[in-house]
Amino acid sequence: MKRKIAVLFMLFSLMIFSELLKVPDKYNGSKMELDGWSLNEKKIDLNQDGQADILLIYYKVVSTNVVTNYVSYINQGNDTYKKDYQTEKVFPTDTFGSEFGKFTNDFIANYFEYKAGKKTTSATQTPVKKPEETVKKPEENTKKPEETPKKPETVPAENPEKQPENTQTAETPGETGYKVLEQYSDKKPDNMTFNLKYNKNAPKDLDNFVFVKSDVKIRKAPNYQSEIIINAKYPEKIKVLRKLDRNSVNSEYDWYEVELSDKRIGYVYADGVLKREFNWNEMANRIDKTNKFLNQAFSEKKDIYVVDQYVALSKDVNTPKDKFGNRENQSIRGYTAPNSKEFINIPDRSILKILDESGGFIKVETLAYGGPYYISSSNKTKLKNANITAEINRFIIVDSESENEAVMEKTDGKWNVITYSFVTTGKDDGASSYATPYGDFLVAYSKPVMVYTRRARSNEQVEDSKKIAGRTDVVIDGEAAYAVRFSGGGYLHGIPASYGPNRDARKATTAKKNRNIQRITQVCKTL
C-alpha cells in the first residue's frame, strides 16, 4: 500500500509541474502578478535585436521543490511587449541556490535553442526525491512549523546559490581578509585637468562603477546569507572599490565591493552587474595617438584625408561585421593586399593618409585601424582632403563599452575636461539601426535638430508629414535636438522625442534633459 501511495504522489507532482502557468499574451506592467506565485522581472535583449525585452520568472515552493515558469515578452516598440515563449523548470529546494543561477544564465544565453526545442526544461529532467523520502505518516513528521519548507530566502533575480556562512563585514575598504582580484583607483592622469565648464550632468565621484543590469541586492558581506543593505534596481550606477576572488569567499561567483551614496560599504555578486568606468588614462592615450599620427604625416609632408561616404537614408543590406565590429554601411573597403579578398570596412569620416597609388589601388594608413590597406582607385573621389595642418586641440571621446562620453580641449599645455556624462550608444540589428562605430572620426557638422526614421509597419497609414519622398519602407518617427554628425548617419544627439500626441510636452521635457548635449554641440561648431 505504501508503494502505491508513493507512486501516486510522484505522478500527482509531475502533473502539477507539467501544467504551464496561464499568463496574458501581452505584458501589462504591474498587473502581471498572479495569486500564489512570486514574480521576478528581468529586462534583457533576448532575441538580440538591440531592444530590451522582458523575462518574467514566476516561482513558488511545492513540497520539496521550487516550481518556476520562465515567460518571455518581446519588445514590439511603443512600450508594447508580446508573449513569445514559456517553459517550466523544477528545482529541488536543497539545490535551488546552486542550480537556479546556472540555468537562468544558460536560458538567456541559449534562448533561441530553448524556443526551438533543441534544449528542454521538462520536469522529468530534474531529479525528484524518492517518494519514501518525501511522504511520511502525519505522526512521523515531528518538525516544528517554522522548520517546514519555506520559500527560498533569495529570489531568482540574484542567481542564488548555497553559500557557507560568512559573517565578515567591511565598514571601510581594506578591513576584510578577502583576496582582491582588481583594485580600482580614481587617480586622474597628470596631463589632464577637470575645470568643468558644464557640470550639471557630470557624475561626481563615479569614475569606477557597476551598472545594475537586473535588480540585485547589495549585502553586508559577500555571501547570499548576509543581511541585505539595499535592493538595487536597473539601471542604477554604484561606485565600485574592488573585485574579490570567488575562492576567498567560498562562492561560485566573484563579488564586487561597492560604496553606496551614504558611504556604506556593501557587496554585490559580479554576474548581476556590469563593471564600467571613465577610463581617463585610455582617453588621454587615444588623444596622444591621434596627434602623433598627424605629426608623423606632417613630417612626411603628407596630407590628411577623411573618408566621405555618407548617403542619407541609403537602402542598406545586412552585411557581416569586420574584425573591428564595423559593417559596410557608409564605409569603403580597405583590402589587406592588392590581390587579397580579406578586407576591413573603413567608415565614413575616418582619418587616414595616402602612402602610394599604383596598379588600380590607393595604399593608405589609417589612424584607428593601422595599415597599410588598399582602397580601389574607383573610390578615390570618396577620399577628401581634411585640410588639417596642425594638431587637433578639441576632442569628443565616446566609450561605447562603458556608455559614457567626455569633451576635452587643450588649455595651458594640458587636456582639460569641459564636460562629461553618461550616454546610450547605438544598437545594431544590421539593417535598420547600427552600433556606434569603432574608430577616430572628424566631425562633419552640427545642427540644432535632426529627424530620425524607423521601418514602416505593414499596412500602416502614414501621415503626409511623416512620409519621405520616394520611400515607402521608412517613415519619419521623431526628432532629437543638438545633433552632431560624426560618421555616416551616426549622430551624437539629445534624448529623442517621437511624434504623436503631446508632442510639444515631450519636446519640452526632452529639452531639459538635453542641456549637456547642447554644450557639446557648441564646442563641436569650432572643430
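## Remarks on the overall build of the protein
Here's step 1: The secondary structure content of the protein amounts to seven helices and 27 strands.
Here's step 2: Across the 527 residues in the protein, those meeting the buried criterion constitute 44%.
Here's step 3: Residue pairs in contact within the protein that sit at least 24 positions apart in sequence constitute 60% of those at least 6 positions apart.
Here's step 4: For the protein, the accessible area works out to roughly 28,000 Å², and carbon and sulfur atoms hold 48% of it.

## Observations concerning the sheet that holds strand β4 (residues 80-92)
Here's step 1: The four strands lie next to each other as β1-β2-β3-β4, forming an open sheet whose pairing is antiparallel. The sheet is open, and its two edges are formed by β1 (38-44) and β4, each paired on a single side. When strand polarity is set aside, the average angle formed by the axes of neighbouring strands in this sheet is 20°.
Here's step 2: Of the strand pairs in this sheet, strand β2 (residues 53-62) and strand β3 (residues 65-77) are connected by nine bridges, and their pairing is antiparallel. Across the sheet, residue Y58 finds its bridge partner in β3, namely N69.
Here's step 3: Against the sheet, helix α2 (residues 96-109) contacts β1, β2, β3 and β4, and its axis sits at roughly 145° relative to β4.

## Focus on the sheet that holds strand β21 (residues 394-399)
Here's step 1: As summarised here, the arrangement of the four strands in space is β6-β23-β22-β21, forming an open sheet in which the pairing is mixed. Bordering the open sheet on either side are β6 (192-193) and β21, each of which pairs with just one other strand.
Here's step 2: Pairing between β6 and strand β23 (residues 414-422): two bridges, direction parallel. Opposite T193, over in β23, you have N416 as the bridge partner.
Here's step 3: Strands β6, β21, β22 (404-411) and β23 of the sheet are contacted by helix α5 (residues 280-299), whose axis makes an angle of about 55° with β22.

## Focus: unusual backbone geometry
Here's step 1: Going from Y234 to P235, the amide bond is cis rather than trans, its omega being 0°.
Here's step 2: Going from G371 to P372, the amide bond is cis rather than trans, its omega being 5°.
Here's step 3: In this fold, P372 is placed in strand β19 (residues 370-376).
Here's step 4: The backbone of R349 sits at a positive phi, close to 75°, despite the residue not being glycine.
Here's step 5: The residue R349 is located in the loop between β16 (343-347) and β17 (351-358) in this model.
Here's step 6: Of note, E403 is a non-glycine position whose phi angle comes to about 60°, a positive value.
Here's step 7: With respect to the helices, strands and loops of the structure, E403 is situated in the loop between β21 and β22.
Here's step 8: For E403, a relative accessible area of 11% puts it in the buried group.

## Observations regarding the packing of aromatic side chains
Here's step 1: Considering all chains together, one arrives at 33 aromatic pairs under this definition.
Here's step 2: Geometrically, the ring pair formed by F91 and F100 is edge-to-face, given 5.9 Å between the ring centres and 65° between the ring planes. Grouping residues by exposure puts F91 and F100 together as buried.
Here's step 3: Between F395 and W415, the ring centres sit 5.4 Å apart and the planes meet at 75°, which makes this aromatic pair edge-to-face. Of this pair, F395 sits in strand β21 while W415 sits in strand β23; the two residues are 20 residues apart in sequence, bridging distant segments of the chain.
Here's step 4: Members of the aromatic cluster, joined through ring pairs, are Y70, Y85, F91, F100, F103, F107, Y111, F112 and Y114.
Here's step 5: The ring of F194 carries the charged tip of K188 above its face, separated from the ring centre by 5.3 Å.
Here's step 6: Between K237 and the ring centre of F422, over which it is positioned, the NZ or CZ distance is 4.7 Å.

## A look at the nonpolar core
Here's step 1: With 27 residues, the main nonpolar core has W280, M283, I304, I388, M408 and Y420 as its most contacted residues.
Here's step 2: Of all elements in the fold, only α5, β14 (304-307), β21, β22 and β23 reach the threshold of two or more residues within this core.
Here's step 3: Top contributing element to this core by residue count: α5, with seven residues.
Here's step 4: Here M283 is in contact with F278, I397, N404, A406 and M408, once residues within four sequence places are set aside.
Here's step 5: Grouped together as the second largest cluster of nonpolar side chains are 26 residues, Y184, A221, V268 and Y269 included.

What counts, and where the lines are drawn
Residues numbered from 1 in each chain as written. Predicted model: local features only at pLDDT ≥ 70, side-chain atom pairs only at ≥ 80, totals over all residues. Heavy atoms only, no water. Helix = DSSP H or I, 4+ residues; strand = E, 2+ residues; numbered from the N terminus. Buried < 20%, exposed > 50% of the residue type's maximum accessible area, 1.4 Å probe, protein only. Contact = heavy atoms within 4.5 Å. Areas by Shrake-Rupley, 256 points an atom, 1.4 Å probe, with all protein chains shown as cover. Pairing = 2+ DSSP bridges. Axes fitted to C-alpha atoms, helices over the stretch in contact; angles between N-to-C directions. Phe/Tyr/Trp six-rings, centres within 6.5 Å; stacked < 30°, edge-to-face > 60°. Lys NZ or Arg CZ within 6 Å of the ring centre and 35° of its normal. Core = buried A, V, L, I, M, F, W, Y, C linked by side-chain atoms within 4.5 Å.

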